[in-house]
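# Analysis of the macromolecular model
As a plain string of letters, each chain reads:
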Amino acid sequence: MMSAMTIKRRYAPDTNFFLQFKAAEEVPWGDLTGEAVDEVELVVLIAVASELDHHKGGGNGRRVKRARKILSQLRPLVSGTAPGDEVVVRKANPRVSYRLAPVLSAERQRHELLDPTKADCRIVAEAMACSKELYGGELALMSHDTGPISYARAVGLKCHLLPDEWLLDPETDEAEKENKALREKIKALENAQPQVTLELADEGVLLEKTVPVTITLYPPISKDFLDRAIRAVALDYPEKRGRTHMGAREFHLRQADTYNRLRKDWLVALRHYLKVCPSAWNKAHDPYEVHLTLKNPGTVSADHLVVEVFAHGGLRLVDPDLWEDERKDPSGGFPSRPPPPTVVFGSSLEDGAVEPSEPVFSHGSDEPEDRPRLIGRPGRHFDWWWDRPQLSSIRLEGECGEFRHGIGHEVLGLLLRAAPEVEGSTTGSLEVRYSAKNLPEAQSRTWRVEIEVEPGDSEGAIAEILKDELGVEL
């Protein structure tokens, strides 16, 4: 009974087969061509052996180890001691062996598409020559790289693309292993320290590097406008005269004189008030609000955490509690109108009648007293305070005795404004520094603040004030 014919295939592996793929004795060779094979002969090209020689030196990475291993297996072929000029690495199913390609004549004809200066072309040229001269065109190139496969197909050399399934699993080299171990040590050290983080946001949008701020500053009021405003007020609030109406005294003469004197002082005070309004508004203009969030996602609390917020350049900080009071009337109280003379009937009110009381004119407000610190759970709350003046501070400081993940995040609203001397667009920076007893060193983060100034309508704002306070239309 005749035995079945032995199916044998010859392949010329590219260098990447030896460095990046499973060993020849481990792969399922039938999957390469979809047929059952009995023998696989792997012809190691001289160009490939030279590249393996290059890879064997330096370091202890996987490529180096694989190059050294295959060269060690091929040593009997190089020394001429291999039985039958082959090294068998698998005895059956299928039988797998290595052979070393012979040194071919340098004068052999080369294909015009293969550039001898390129490594891929040299490998393809050698495989093509071996296939024609030694194996009757039945030697196929194996590679996982685009270059060799493309050149092989261009010159008509049989070739096979190595399956991805034969690739070795990714493996880090020794240097990467050392780096990984070092990173793990650093992470362990960091986990033994508080992990304080800072975030700055504008209406929920995180600000990474720059804070864009737009503010309104009011130009001075012109003399012509002030004159027109005071004339309008004077017309709506005229002088009083002592007179008799239908036999009855309407105002006592001295009362009218006192009112008129107070009215004159009131108009002077009102003019001063309106004149200084733009300057007062600019000194305490509407601030721009952002939110600073402090977190400690780690498992270790920050002991005696100190946080400092600094405003540099043309930037200032505003105490939000004081701002709520100041924004009501930054120019001081609106000048009080003089009380009108008392209307009398008959002539019983003589020269000794009681005069109306003098009005009180206010041109500013006293500095508010320092507020006591808030009382909270001992050691687990933040206390914050501003440097003076609190409406134009350059520093804010906060303390927390024990800042840990379990007490939640600290969210602080920061009101940003331009320095009082700023008259146009400017820049500044917001710096946040923090330190704790169990942090090795203080940390800081800085945001650039770009302040753009828009001019306000001073005359329109003054007209609104007169309408609201006095009912005077300009």
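For the structure itself, look to the data block above.
Residues numbered from 1 in each chain as written. Predicted model: local features only at pLDDT ≥ 70, side-chain atom pairs only at ≥ 80, totals over all residues. Heavy atoms only, no water.

## Some remarks on the packing of helix α9 (residues 253-283) against helix α11 (residues 458-470)
We apply this condition: Each axis is a line fitted through C-alpha atoms, and for a helix only the stretch in contact is used; angles between axes span 0 to 180 degrees, taken between their N-to-C directions. Helical segments are the DSSP runs of H or I of at least four residues, strand segments are the runs of E of at least two, and each set is numbered from the N terminus. The labels follow the angle: roughly parallel below 35 degrees, roughly antiparallel above 145, roughly perpendicular from 65 to 115, and oblique for the rest. Each crossing is labelled by how the near helix is turned from the far one, with a counterclockwise turn of less than a right angle marking it left-handed and a clockwise turn marking it right-handed. In what follows, a contact means two residues having at least one pair of non-hydrogen atoms within 4.5 Å. Amino acids outside the nonpolar list (Ala, Val, Leu, Ile, Met, Phe, Trp, Tyr, Cys, Pro) and the charged list (Asp, Glu, Lys, Arg) are all regarded as polar, and Gly is one of them.
Contact geometry of α9 with α11 gives a least axis separation of 11 Å together with a crossing angle of 135 degrees. Relative to α11, the element α9 is oriented oblique. α11 is crossed by α9, and the crossing has right-handed handedness. Residues Trp-266, Leu-270, Tyr-273, Leu-274, Cys-277, Pro-278 and Trp-281 of α9 form the contact with α11, whose own contacting residues are Ser-458, Ala-461, Ile-462, Ile-465, Leu-466 and Leu-470. Of the residues assigned to the contact of α9 with α11, the class counts are 12 nonpolar, one polar and no charged.

## Here's the deal with empty space enclosed by the protein
Stated precisely, the cut-off is as follows: The method works on a 1 Å grid over the protein atoms by themselves. A cavity is a set of points holding a 1.4 Å probe that cannot get out, a pocket is an open set with protein on both sides within 12 Å along at least five of seven lines, and residues with an atom within 4 Å of a point line them. Grid points are joined across faces, edges and corners, and a volume is the space filled by probe spheres set on the points.
Scanning the entire structure with this criterion turns up one cavity of 30 Å³ or more. Counted as a void, the largest cavity has a volume near 40 Å³. Partitioned by chemical class, the residues of the lining of the largest cavity number four nonpolar, one polar and three charged.

## A word on the pairing of strand β16 (residues 395-403)
This is how it is decided: One bridge is not enough; two strands pair if DSSP finds at least two bridges between them.
Relative to β16, strand β13 (residues 302-313) is paired through eight bridges, and the arrangement is antiparallel. In the strand pairing of β16, Val-307 is matched with Gly-398. When strand β15 (residues 383-386) meets β16, the two strands line up antiparallel, connected through four bridges. Note on β16: the bridge partner recorded for Trp-384 is Gly-398.

## Observations concerning the pattern of salt bridges
For the record, the criterion: A side-chain nitrogen of Lys or Arg and a carboxyl oxygen of Asp or Glu constitute a salt bridge if their distance falls within 4 Å. Burial status follows relative accessibility: with a 1.4 Å probe on protein chains alone, a residue under 20% of its type maximum counts as buried, one over 50% as exposed, and anything between as partly exposed.
This structure, assessed with the given rule, holds 20 salt bridges. The partner of Arg-95 in a salt bridge is Glu-86, and the shortest N-O contact between them spans 2.5 Å. The exposure class assigned to Arg-95 is partly exposed, which follows from its relative accessible area of 24%. Here Arg-99 and Glu-86 are joined by a salt bridge, their closest N and O atoms 3.7 Å apart. Separated by 13 residues along the polypeptide, Arg-99 in strand β4 (residues 95-100) and Glu-86 in the loop between α4 (62-79) and β3 (87-90) bring together distant segments of the chain. Of the residues examined, Arg-99 reaches a relative accessible area of 23% and is grouped as partly exposed.

## Quick word on helix α5 (residues 119-134)
Here is the rule we go by: Multiplying one less than the number of residues by 1.5 Å gives the expected span of a helix.
In this model, α5 (16 residues) spans 22 Å end to end at C-alpha, consistent with the 22 Å of a helix rising 1.5 Å per residue. Along α5, the residues classified as buried are Cys-121, Ile-123, Val-124, Ala-125, Glu-126, Ala-127, Met-128, Ala-129, Cys-130 and Ser-131. Where α5 is buried, its residues touch β1 (8-13), α1 (15-20), α3 (46-55), β5 (139-143) and α6 (146-155).

## Let's talk about the sheet that holds β15
Read from one edge of the open sheet, six strands run β9-β19-β18-β13-β16-β15, paired in mixed fashion. Strand pairing shows two members of the sheet lacking a second neighbour, β9 (210-217) and β15, which therefore form its edges. Within this sheet the neighbouring strands show an average axis-to-axis angle of 20 degrees, counted without direction.

## Here's the deal with a nonpolar patch on the surface
Convention followed: Patches were defined on residues exceeding 30% relative accessible area and lacking a salt bridge, with like-charge contacts within 9 Å and nonpolar side-chain contacts (Val, Leu, Ile, Met, Phe, Trp, Tyr) within 5 Å. A 1.4 Å probe and the Shrake-Rupley method give the accessible areas. Residues count as covered only by the protein chains that appear here.
Residues Ile-46, Val-78, Leu-100 and Val-103 make up a contiguous nonpolar surface patch of roughly 360 Å² in combined accessible area. Along the polypeptide, Val-78 turns up in helix α4. For Val-78, a relative accessible area of 63% corresponds to the exposed category.

## Looking at the packing of aromatic side chains
Condition: Ring pairs are drawn from Phe, Tyr and Trp, using the six-membered ring of Trp, whenever the two centres fall within 6.5 Å, and their geometry is named by plane angle: stacked under 30 degrees, edge-to-face over 60, tilted for the rest.
Using the criterion set out here, one finds 11 aromatic pairs in the structure. Ring centres 6.4 Å apart and planes at 25 degrees place the aromatic pair Phe-17 and Phe-21 in the stacked group. Assigned by exposure class, Phe-17 and Phe-21 land together as buried. With a centroid separation of 5.3 Å and an interplanar angle of 75 degrees, the aromatic rings of Trp-29 and Trp-166 are classed as edge-to-face. Of this pair, Trp-29 sits in the loop between α1 and α2 (30-33) while Trp-166 sits in the loop between β6 (159-161) and α7 (174-191), and the two are 137 residues apart along the sequence. Trp-166 gets classed as buried once you look at its relative accessible area, which sits at 3%. One aromatic cluster in this structure is built from Tyr-11, Phe-17, Phe-18, Phe-21, Trp-29, Tyr-98 and Trp-166.

## Some details on the packing of α3 against α4
Between α3 and α4, the shortest axis-to-axis distance is 8 Å and the interhelical angle comes to 130 degrees. Classed by the angle they form, the pair α3 and α4 counts as oblique. With respect to the hand of their crossing, α3 and α4 are arranged in left-handed fashion. Of the residues in α4, those in contact with Ala-49, Leu-52, Asp-53 and His-55 of α3 are Arg-63, Val-64, Ala-67, Ile-70 and Leu-71. Taken together, the residues that form the contact of α3 with α4 break down as six nonpolar, one polar and two charged.

## As for unusual backbone geometry
Of the consecutive residues Asn-93 and Pro-94, the connecting peptide bond is found in the cis state with omega at -15 degrees. Relative to the elements of secondary structure, Pro-94 occurs in the loop between β3 and β4. At the junction of Arg-388 and Pro-389, the peptide bond is cis and its omega measures out at -10 degrees in the coordinates. Among the structural elements, Pro-389 can be located in the loop between β15 and β16.

## Here we look at the sheet that holds strand β8 (residues 205-206)
Spatial strand order, β8-β7-β12-β17-β14: five strands in an open sheet with antiparallel pairing. With one partner strand each, in any of the chains shown, β8 and β14 (315-318) form the two edges of the open sheet. With four bridges connecting them, β14 and strand β17 (residues 410-418) associate as antiparallel partners. Paired with Leu-317 across the strands is Leu-416, a residue of β17.

## Notes on α3
Each α-helix winds once per 3.6 residues, and so residues spaced three or four apart point in a common direction. Those residues of α3 lying buried are Ala-47, Val-48, Ala-49 and Leu-52. The secondary structure elements touched by the buried residues of α3 are β1, α1, β2 (39-44), α4 and α5.

## Points about the nonpolar core
Put simply, the test is: We define a nonpolar core as any set of buried Ala, Val, Leu, Ile, Met, Phe, Trp, Tyr and Cys residues linked to one another through side-chain atoms lying within 4.5 Å.
In terms of nonpolar packing, the biggest core is built from 53 residues, with Phe-17, Trp-29, Leu-42, Tyr-98 and Leu-141 touching the most fellow members. With 39 residues, the next largest nonpolar core counts Leu-198, Leu-200, Leu-317 and Ala-419 among its residues.

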